[in-house]
Amino acid sequence: MPAFAGMTRSVWPLRLSVAGIALLLAACASGPPPEPALPPLPTAFANVPEDGQPGGEPAAAFWRGFQDPQLDALVTRALEANFDLRIAVARLREARALARLADASLLPQVNGTAGVGRVRDFIGPDNALAPGQTFYSVGLDVRWEADLFGRLSAERRAAQAQVRAGEADTQALQLSLSAEVARGYFELRGLQERLRVSRAALQTQEAVLRLVQARQDVGRGTGLDTERARALVQSTAAGVPVLEAALQRTRYRLAVLCGLPPTALDAELEAQRPLPGLRSVALGGIGAPESLLRRRPDIRAAELDVAAAAARVGVARADLFPRITLGGTLGHNASRVGDLGDGSTYVYNLGAQLLWNLLDFGRVRAQIAAADARSEAALRVYEATVLAALEETEGALASYTHTQQQAQHLFDAARAAEAAAAIARGRFEVGVIDFLAVLDAEREQLAARDQLAQSQAGAAVALVAVYKALAGGWGPAPEPSSAPSATSGAVGPGSVASGSRLPLQATR
């Protein structure tokens, strides 16, 4: 008994030393935590109007706030059938499967085995050939790697971070896809309005040409006036095919975004419709830049990529230390199949294996250096993503504010140009002014109305960019009853609508 007690006292320090060394090595194997990579953030956005009203949390389905059923249908179709989004979903399923694989690596691996073999060997002093003998076996092979140095758990953390990053990437793609469809839709409606303006102007100019030709026929006009009028008609007509081609390309783009052949939406989108009514949007409730970082899925994805890269550093460092695997075989071996269930045929083999790469000529160190470099790159990507998000948001806010101002000025300019053209035509008919003044007024009217149509579509596109930059927008979507009518303020064909708000479809 004293000898046994002495042996116990001598073994315990050894066990404690081995455990301490294992813990120390495990701590060395784990990757270093990522350093803070957040750049200095301003306390508020520089381009938010001071009179904006506070709002709630961002509304994810921002496009519904435009109250346009056709836009809603296009976005829904794109989110269901877009091929880029389906590719992202497939990659997300792959990441989730790899995460389950990493989880399973922490558990024992059990394999069922069954076999048959025949052995024949030389025996005796004269090396005589013995009769052959057949053996049958059945059993279970068990193998489990002890995660003493954190390699498997680091792989698990990396796989889980990649799953969450894939989810964030998918959300970012959904947001970008919704914004792209809305942008294309508004550009389509803007091109339709520009085409309508050009065709209406062409009709007016052709009527003026007939009037000038008639005046020349009765000796009250000159050939110079007639040719000038004809040149204006041809110049306006030349712009119509360009707009028609742009309309076709926009329809094709929307169809492909919805996972359809390019011409699949031609019949559905051919009819001209007005741009949705757009009230002035209160931007005061969009929050601070810090809240933007929590909302944007691309920033979350970059942050999770940093976590995954740091975990993979731990995986690389763990290769510096041994791998300990526990395993064995439980089963039966017999010379006849019928004897496999007997207790006398029961066999087992249990043991442990230590594998330590003692001389690898720097391969592991090189892998660690590469993992450290990838982790550093992930940090820099995160920083760049944050700055790009801030730049996109500030730029979108500035563009939206200035396009609203531009559209209001162009609205006033179009109204004045229309009035000037009407006055010029009336004065020319009574012979007060020459035809050159009419030509100038017609050109200015067409240019003003075309610019107004472009600016109205640009204002809607700029608002979409604000929604995208803010990861969906802000505040609840307006109720359908409070949405303005798309044609409110219209006063008839060929005229400029008036109203207290800036209309997106000013000319009707």
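Residues numbered from 1 in each chain as written. Predicted model: local features only at pLDDT ≥ 70, side-chain atom pairs only at ≥ 80, totals over all residues. Heavy atoms only, no water.

### Looking at empty space enclosed by the protein
Part 1 of the reasoning: By the definition in use, this model includes two cavities of 30 Å³ or more.
Part 2 of the reasoning: Estimates place the volume of the largest cavity at around 80 Å³.
Part 3 of the reasoning: Lining the largest cavity we find 13 residues, and of these Glu145, Ala146, Phe149, Arg151 and Pro322 sit closest to its centre.
Part 4 of the reasoning: Going through the elements one at a time, strand E4 (133-146), helix H4 (151-217) and strand E5 (323-334) are the ones with two or more residues in the lining of the largest cavity.
Part 5 of the reasoning: Reported here for the second largest cavity is a volume of approximately 40 Å³.
Part 6 of the reasoning: What lines the second largest cavity is simply Gln205, Val208, Leu209, Ala229, Leu232, Phe435, Val438, Leu439 and Glu442.
Part 7 of the reasoning: Secondary-structure elements contributing two or more residues to the lining of the second largest cavity are H4, helix H5 (223-257) and helix H10 (435-469).
Part 8 of the reasoning: Here the element with the most residues in the lining of the second largest cavity is H10; it accounts for four residues.
Part 9 of the reasoning: Split into classes, the residues belonging to the lining of the second largest cavity amount to seven nonpolar, one polar and one charged. (1 Å grid on protein atoms, 1.4 Å probe; cavity = no way out; pocket = protein on both sides within 12 Å on 5 of 7 lines; lining within 4 Å. Points joined across faces, edges and corners; volume = space filled by probe spheres on them. Helix = DSSP H or I, 4+ residues; strand = E, 2+ residues; numbered from the N terminus. Nonpolar A, V, L, I, M, F, W, Y, C, P; charged D, E, K, R; others polar.)

### Re the environment of Trp63
Part 1 of the reasoning: Within the element layout of this structure, Trp63 appears in the loop between helix H1 (2-29) and helix H2 (69-81).
Part 2 of the reasoning: Residues Trp63 and Val464, spaced 401 residues apart in sequence, show a C-alpha to C-alpha distance of 8.1 Å.
Part 3 of the reasoning: When near neighbours in sequence (up to four residues on either side) are disregarded, Trp63 contacts Leu71, Asp72, Val75, Leu79 and Ser178. (Contact = heavy atoms within 4.5 Å.)

### Quick word on the layout of surface pockets
Part 1 of the reasoning: Counted as a void, the second largest pocket has a volume near 430 Å³.
Part 2 of the reasoning: Lining of the second largest pocket is provided by 21 residues; of these, Arg91, Ala95, Leu98, Gln162 and Arg312 occupy positions nearest its centre.
Part 3 of the reasoning: Elements with a minimum of two residues in the lining of the second largest pocket: helix H3 (83-105), H4 and helix H8 (297-318).
Part 4 of the reasoning: Residue composition of the lining of the second largest pocket, by class: 11 nonpolar, four polar and six charged.

### Thoughts on the packing of H4 against H5
Part 1 of the reasoning: At their nearest, the axes of H4 and H5 sit 8 Å apart, and the two run at 160° to each other. Looking at the two axes, H4 sits roughly antiparallel to H5. Judged by the sense of rotation from one axis to the other, the crossing of H4 with H5 is left-handed. (Axes fitted to C-alpha atoms, helices over the stretch in contact; angles between N-to-C directions. Parallel < 35°, antiparallel > 145°, perpendicular 65-115°, else oblique. Left-handed = near helix turned anticlockwise from the far one by under 90°.)

### Overview of a nonpolar patch on the surface
Part 1 of the reasoning: Together, Val110, Leu140, Val142, Leu330, Tyr346, Tyr348 and Leu350 make up a nonpolar patch on the protein surface, roughly 680 Å² of accessible area in all.
Part 2 of the reasoning: Looking at the nonpolar patch, the element that brings in the most residues is strand E6 (residues 346-355), giving three residues.
Part 3 of the reasoning: Here Tyr346 is to be found in strand E6. (Patch = residues over 30% accessible without salt bridge, like charges linked within 9 Å, V, L, I, M, F, W, Y side chains within 5 Å. Areas by Shrake-Rupley, 256 points an atom, 1.4 Å probe, with all protein chains shown as cover. Salt bridge = Lys/Arg side-chain N within 4 Å of Asp/Glu carboxyl O.)

### A word on the nonpolar core
A general feature of soluble globular proteins is that nonpolar side chains tend to end up buried together.
Part 1 of the reasoning: Counting 56 residues, the largest nonpolar core has Phe62, Phe66, Leu71, Val181 and Phe186 as its most contacted members.
Part 2 of the reasoning: Listing elements by their share of this core, those giving two or more residues are H2, H4, H5, helix H7 (289-295), H8, helix H9 (363-429) and H10.
Part 3 of the reasoning: Setting aside its immediate chain neighbours within four residues, Leu71 contacts Trp63, Phe66, Val181, Ala182, Tyr185 and Phe186.
Part 4 of the reasoning: Grouped together as the second largest cluster of nonpolar side chains are 14 residues, Leu232, Ala421, Phe428 and Leu439 included. (Core = buried A, V, L, I, M, F, W, Y, C linked by side-chain atoms within 4.5 Å. Buried < 20%, exposed > 50% of the residue type's maximum accessible area, 1.4 Å probe, protein only.)

### Points about H10
Part 1 of the reasoning: In this model H10 runs 50 Å from its N-terminal to its C-terminal C-alpha over 35 residues, within 8% of the 51 Å that 1.5 Å per residue would give.
Part 2 of the reasoning: Residue Ala471 follows H10 closely and has a positive phi angle near 60°. (Expected span 1.5 Å × (residues − 1).)

### Quick notes on the sheet that holds strand E1 (residues 109-119)
Part 1 of the reasoning: Spatial strand order, E1-E4-E5-E6: four strands in an open sheet with antiparallel pairing. The outermost strands of the open sheet, each flanked by one partner alone, are E1 and E6. On average, each strand axis in the sheet is tilted by 20° relative to the strand beside it, whichever way the strands run.
Part 2 of the reasoning: Sheet topology note: the E1/E4 ladder contains 11 bridges and is antiparallel. Directly across from Ala114, in E4, lies its bridge partner Val138. (Pairing = 2+ DSSP bridges.)

### Notes on the pattern of salt bridges
Part 1 of the reasoning: Under the criterion given, the structure shown has 21 salt bridges.
Part 2 of the reasoning: Of the charged contacts, one joins Asp319 and Arg323 as a salt bridge, the two residues approaching to 3.1 Å between their closest N and O atoms.
Part 3 of the reasoning: Of the residues examined, Asp319 reaches a relative accessible area of 22% and is grouped as partly exposed.
Part 4 of the reasoning: Since its relative accessible area comes to 33%, Arg323 is described here as partly exposed.

By themselves these figures say nothing about function.
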